[in-house]
Each structure stands twice: as C-alpha cells, then as structure tokens.
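# Breakdown of the fold
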Amino acid sequence: MVETAILDTRMLINGRRVELDVDRTIPVYSPLTGQVLAEVADATAEQAAAAISAAEAAFDSWRTTSGAERARLMLRLADLLEREADSLARLESADNGKLLRETTTQAKFTVRNYRFFAGAADKIYGHTIPLDAWETFDYTRREPVGVAVLITAWNSPMQLLANKLAPALAAGCTVVIKPSEIAPLTTLSLAGIIEEAGFPKGVINIVTGGRDAGVALTTDPRVGRISFTGSVSTGQAIARAAADVLVPVTLELGGKSANIVFEDANLDRAVPGAVAGIFAAGGQTCIAGSRLLVHESIADEFTRRVSEIAQTIRLGDPADPDTQMGPVASTVQRDRILAMISDAKADGSRLITGGGTPAAPELADGAFVEPTIFVDVDPASRLAQEEVFGPVLAVTTFRTDEEAIAIANSTDFGLASGIWTQNVQRAHRVARDLVAGTVWINTYRYSAAQAPFGGVKQSGYGRERGLEALDEYLRTKNVLMDLSDDIRDPFAIKA
Ligand code: NAD
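Fair warning: this is a prediction, and the values are worked out from it, not measured in the lab. (Residues numbered from 1 in each chain as written. Predicted model: local features only at pLDDT ≥ 70, side-chain atom pairs only at ≥ 80, totals over all residues. Heavy atoms only, no water.)

### Examining the overall build of the protein chain
Counting secondary structure elements, the protein chain contains 15 helices and 20 strands. Relative to the globule expectation of 23 Å for 495 residues, the C-alpha radius of gyration of the protein chain, 24 Å, shows essentially globular dimensions. If one aligns the C-alpha atoms of the protein chain with their principal axes, the spans along those axes are about 80 × 60 × 40 Å. Scored against the burial criterion, the 495 residues of the protein chain give a buried share of 56%. Within the structure as shown, the protein chain displays about 21,000 Å² of accessible surface, and the carbon and sulfur contribution to it stands at 52%. Computing the positive centroid from 48 side-chain charges and the negative centroid from 63, the protein chain places the two 2 Å apart. (Helix = DSSP H or I, 4+ residues; strand = E, 2+ residues; numbered from the N terminus. Rg over C-alpha atoms; globule rule 2.2 N^0.38 Å. Buried < 20%, exposed > 50% of the residue type's maximum accessible area, 1.4 Å probe, protein only. Areas by Shrake-Rupley, 256 points an atom, 1.4 Å probe, with all protein chains shown as cover. Lys, Arg positive; Asp, Glu negative; His and termini not counted. Charge placed at Lys NZ, Arg CZ, Asp CG, Glu CD.)

### Remarks on the side chain of Ser30
For Ser30, the position within the fold is in the loop between strand S3 (25-29) and strand S4 (36-41). Relative accessible area serves as the criterion here: at 9%, Ser30 is assigned to the buried category. Apart from residues lying up to four places away in sequence, Ser30 is in contact with Gln35, Leu37 and Ala94. (Contact = heavy atoms within 4.5 Å.)

### Digging into the pattern of salt bridges
According to the stated counting rule, one finds 37 salt bridges in the structure shown. Note that Asp8 is salt-bridged to Arg17, the shortest N-O span being 3.5 Å. The shortest N-O distance in the salt bridge between Arg429 and Asp401 comes to 3.8 Å. Of this pair, Arg429 sits in helix H14 (residues 424-433) while Asp401 sits in helix H13 (residues 401-408), placing them 28 residues apart in sequence. By relative accessible area, which is 40% here, Arg429 ends up partly exposed. What you see here is one network of salt bridges that share partners, running through Asp8, Arg10, Arg17, Glu19 and Glu195. (Salt bridge = Lys/Arg side-chain N within 4 Å of Asp/Glu carboxyl O.)

### Focus on the packing of helix H3 (residues 85-96) against helix H4 (residues 100-120)
With their axes 8 Å apart at the nearest point, H3 and H4 run at an angle of 135 degrees to one another. The angle between the axes of H3 and H4 places the two elements in the oblique class. As for how H3 packs across H4, the hand of that crossing is right-handed. Here Ala85, Ala89, Arg90, Glu92 and Ser93 of H3 lie close against H4, whose contacting residues are Leu100, Thr103, Thr104, Gln106 and Ala107. Considered class by class, the residues forming the contact of H3 with H4 number four nonpolar, four polar and two charged. (Axes fitted to C-alpha atoms, helices over the stretch in contact; angles between N-to-C directions. Parallel < 35°, antiparallel > 145°, perpendicular 65-115°, else oblique. Left-handed = near helix turned anticlockwise from the far one by under 90°. Nonpolar A, V, L, I, M, F, W, Y, C, P; charged D, E, K, R; others polar.)

### Observations regarding the sheet that holds strand S15 (residues 372-375)
Pairing in this open sheet of seven strands is mixed, and the strands run S14-S15-S16-S13-S12-S17-S18 from one edge to the other. Each edge of the open sheet is held by one strand with a lone partner, namely strand S14 (350-353) and strand S18 (440-441). Across the sheet, helix H9 (residues 267-279) is in contact with strand S12 (258-261), strand S13 (291-295), S15, strand S16 (392-398) and strand S17 (417-420); its angle to S12 comes to roughly 165 degrees. Packed on one face of the sheet, helix H10 (residues 299-312) meets S12, S13, S14, S15 and S16 and runs near 55 degrees to S14. (Pairing = 2+ DSSP bridges.)

### Here's the deal with the layout of surface pockets
Each pocket or cavity is described by its volume, and for the largest pocket that value is around 1,100 Å³. Taken together, 40 residues form the lining of the largest pocket, with Phe228, Gly230, Ser231, Ser233 and Thr234 sitting closest to its centre. Secondary structure elements with two or more residues in the lining of the largest pocket: helix H7 (211-218), strand S10 (223-229), helix H8 (232-245) and helix H11 (331-346). Ranked by the residues each element gives to the lining of the largest pocket, the list is headed by H8, at six residues. Looking at the lining of the largest pocket residue by residue, the class counts come to 16 nonpolar, 16 polar and eight charged. Both domain 1 (11-253 + 459-478) and domain 2 (258-441) contribute no fewer than three residues apiece to the lining of the largest pocket. Residue lining of the second largest pocket: 23 residues in total, with Gln106, Gln159, Ile287, Arg445 and Ser447 positioned closest to the centre. (1 Å grid on protein atoms, 1.4 Å probe; cavity = no way out; pocket = protein on both sides within 12 Å on 5 of 7 lines; lining within 4 Å. Points joined across faces, edges and corners; volume = space filled by probe spheres on them. Domains from an automatic or database assignment.)

### A look at the packing of aromatic side chains
Taken as a whole and assessed by the stated rule, the structure comprises six aromatic pairs. Geometrically, the ring pair formed by Phe116 and Phe117 is edge-to-face, given 4.9 Å between the ring centres and 85 degrees between the ring planes. The pair formed by Phe116 and Phe117 is uniform in burial state, with each residue classed as buried. Seen in terms of ring centroids, Trp440 and Tyr444 are 4.7 Å apart; in terms of plane orientation they differ by 55 degrees. Their pairing is tilted. Take Trp440 and Tyr444: they sit in the same class, and that class is buried. (Phe/Tyr/Trp six-rings, centres within 6.5 Å; stacked < 30°, edge-to-face > 60°.)

Here it is, written out as structure tokens:
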C-alpha cells in the first residue's frame, strides 16, 4: 500500500466521502512491483446516478455564482495543488509508473491550467448582433451546459483531468469525474483538496470504478456534456451510448503522430526531439511521435544517432532521478506491446534496437519494455498505422516534401505532428498541409495552457486547453427583442 498523507481512496458524492464497500472494490497495482497499492471503490450504477443528481442539484447555484467567485475558488484550488504538487507527483508516479520528473512537471502544469481558466471565468461574453431590421435588439448569452461528466485515461490522470475540470468550472458547469481504474489515486486525492478549497457540495463529484460506473455516467440524459480521454474503441462506445440520450461528447483519443525530419534540420536539436517524441514516458502518451519520417539523404546518420541514445536509456524505478524510462503501465500492456513488436518483425520491418524486455534481474518484476526502433517500415504496415502506446519507433524515409506530407497524413489518426527544418517557408507550408490538431515546429511534446489541443479523424473531436476549451462546456442562447410597435401577421414567420 502507498504510504502518503494525501491518499484517501473514498469517493466524493454530494460533499460527502463514501466509505468503501469491501464487497465492491478494485485493486490498484504498482506497475513497478506488481504489488497492490490501494483498493478503490467499484461504484454501482446507483452511486454514479447519485453523483449526477448531486451535480444537477448544485448546478443552479453554481451557474448563478459570479465568474469572479468561481475564479476565486479555482485560484484557491490551484494554490492548494501547488502546495501538494510534490506529494501528488510521487503518488501519480507510483500509480502509473511515469517518471517522477515527468509527473512533477505535470503537477505544476495542472496548476497553470487552473489559473489560466480561473482568469477566464469572469470573461465569458456573448455578442450583440445587428439584424436586418433596425427595430430589434439581438444578443447571445454563453451559458454552461449543466452537468459535465469527465472521464480520464490512466497515462496522465492529473493533467488530463485539469484539461477538463478547469474549463468546466470556469464555464459554470458542475461535474462528475471518473478516473481510470488503473490509476485513480491522484484524482481521489483531489477530493480532500476540493473540500479544503471550499467548493460548495455537489459542484465536484468523484466516482471510481469500471464498466458499470462508466456506462451509468454516459447514458444519463441529465448530463449536458461528456468529455472523454481514452482509447478509440471506448470513445466510440461512449459516443454511441451518448447518442441514445443525445448528450454531446468531446473525444480525446489516440494517435500515430509523425515526427518529420527534413534534410536541412538542425540535427543536434532534432535527435533529442525524436527521442522525446517516442521514449519520453515510455511512449505512453497520446501525442507520441511514434512515426519518424526522415529525409533519405540523412536517414542513416539520423537513425544511428537516435539509436545510440535509445541503447543508453536507463530503465528503472520511476522515482529514481537517474531513471530515464520507467515501466509501462501494466503487464497486460507490456505483453500487448511485445506482440506488436513480433508482428512488425514478421511484417518486414527491420529491428535495429531493443525489441524485448530488459535482462537486468532487478527489473524482472516490473512491466518493462526495451526502447525499440524499427527501420524500413512500410507506411501501410500495422506498425505504421496502429497506436502501440509503448516505446516503439517506426522509421520511414521520404524523398520530397509532398511525399512526407502524404505519408504523415496516411493514417486514420490526426492528433499531433512535428516538423524539423530551418526553412521557414517549408515549415509553414508543411504545417498547413498536415491533417492534425497540433503541429510542432523544431520542438516536440510542448504543452501550454493557452494553446488549444485536440484531434481530427480517429483522434477525436473537440478541443481542450486554450480559450477554445470553454466552448465545450458552454452553449449559445440567442435572445431577440422586437423594439417596434408593429402589429404582426400571425400566420407568417417574421424574418
Ligand atoms: P480506455 O479507453 O481503456 O479507458 C479510458 C477511460 O474510460 C477509463 O476511465 C475507463 O474506466 C473508462 N471506460 C472504459 N469503458 C467504458 C465505457 N463503456 N463507458 C464509459 N467509460 C468507460 O483508455 P486507457 O487505456 O485508459 O488510455 C489509453 C488511451 O488513451 C490511448 O489510446 C491514448 O492514446 C489515449 N489518450 C488520449 C489522450 C488525448 O488527449 N488525445 C491523452 C491521453 C491518452
């Protein structure tokens, strides 16, 4: 079990902590040791419905709370998260196996997100609209959608939650949060922080669990918006279920992002950029630059340099400051990655680095996969088309800019992409033509609270972060007043 002052695994429904029912718990495992870290509740459909009822009851008062007051509470939350950042980072690292230095950066980034959206809470404006008829007054109101259900994945629980919770609260929505059952601990720890921040009861509710809870939350017509981060298949299931109750959905799904290195790139910067794209977080990020497209004239040198770094990556305990790559999230995930590696070999891709589990005996209990690089990868192969969600890089060469763009756009995904070049026109031309929600130029894996983020195609729809994120939690009401004293014809529409 994790020993930390901030760990409390009870759910939060209507301002109350719900005691664990010993007959309905889910074990949370350490990806490093395989040991059980904690037990969390497997919420029933009734508990999920109760959380929605609580959020619904709290909505009227929260939506009429001034933006300034909502911002005050959000800033208080941010201050408390800043105070607890180190403990939260340690807990998240223990829970999902990510490096402590990564979770520490993410903990700070979440604070920035809450502050950014707190700043927006009292700046949600409609328009006044001049109509064709002079004697009219038309304006729009931007109103919160009501109860928002926020469902997150295991790979970055704190950050994924902040992407949703911060704009939802700023917009005036009340929420029900469900973290992944694989890594729910930091989200549950948030309950105490929310209480300390002084949010009114029912504004923020947290339930944990698996399918029962997930289905109950995504099939309830009282919900105004579902915001989901996770796999494509679960996203599709949620969108289908939500269609029956006509609840709109925001989907942040997977990716197969292309990191494109042109022959004029600054290779001293592009090499670590390529490594960051795929081996940071063990490749377990939706934005992983898992396809490396390299101009054929520099391919041998570039791949050799990336491969040399990959071979020296230190695997180990994510809490150890010397570790560069921790375990993947579970042994199930490790075995899935290994199966994809063996498929890639059979498919004709050439393995030049890694390809298995590390031999070191001290890593034997953890879900480790070696940093792995394949070259000569056919852009149509499974390795180039499917998300591995692990440290496996697929390298393909290209001859022209047009070919690079065509290969980059040739998957079902469209989340992120990277361009490495010193030619300004080329950079912006390629950025324009890439079908992806994010394009990084001469950098990779760079997040900002102000910059909108999201996918196209199978990577999902809707945007998080940036002012655009508020739109997911707001709807527009048009108000039209006839200023004239005209007596109208009741049998024809007025236009
Ligand atoms: P997942 O789809 O297995 O689970 C995500 C969440 O959905 C969990 O909370 C889970 O309990 C819940 N869930 C499962 N079935 C459900 C159902 N029928 N109804 C409602 N909820 C249900 O995803 P995962 O394995 O936790 O995460 C990995 C995936 O997430 C990868 O594909 C990755 O690319 C993606 N991801 C995307 C982003 C992004 O912003 N685009 C960020 C991080 C991760």
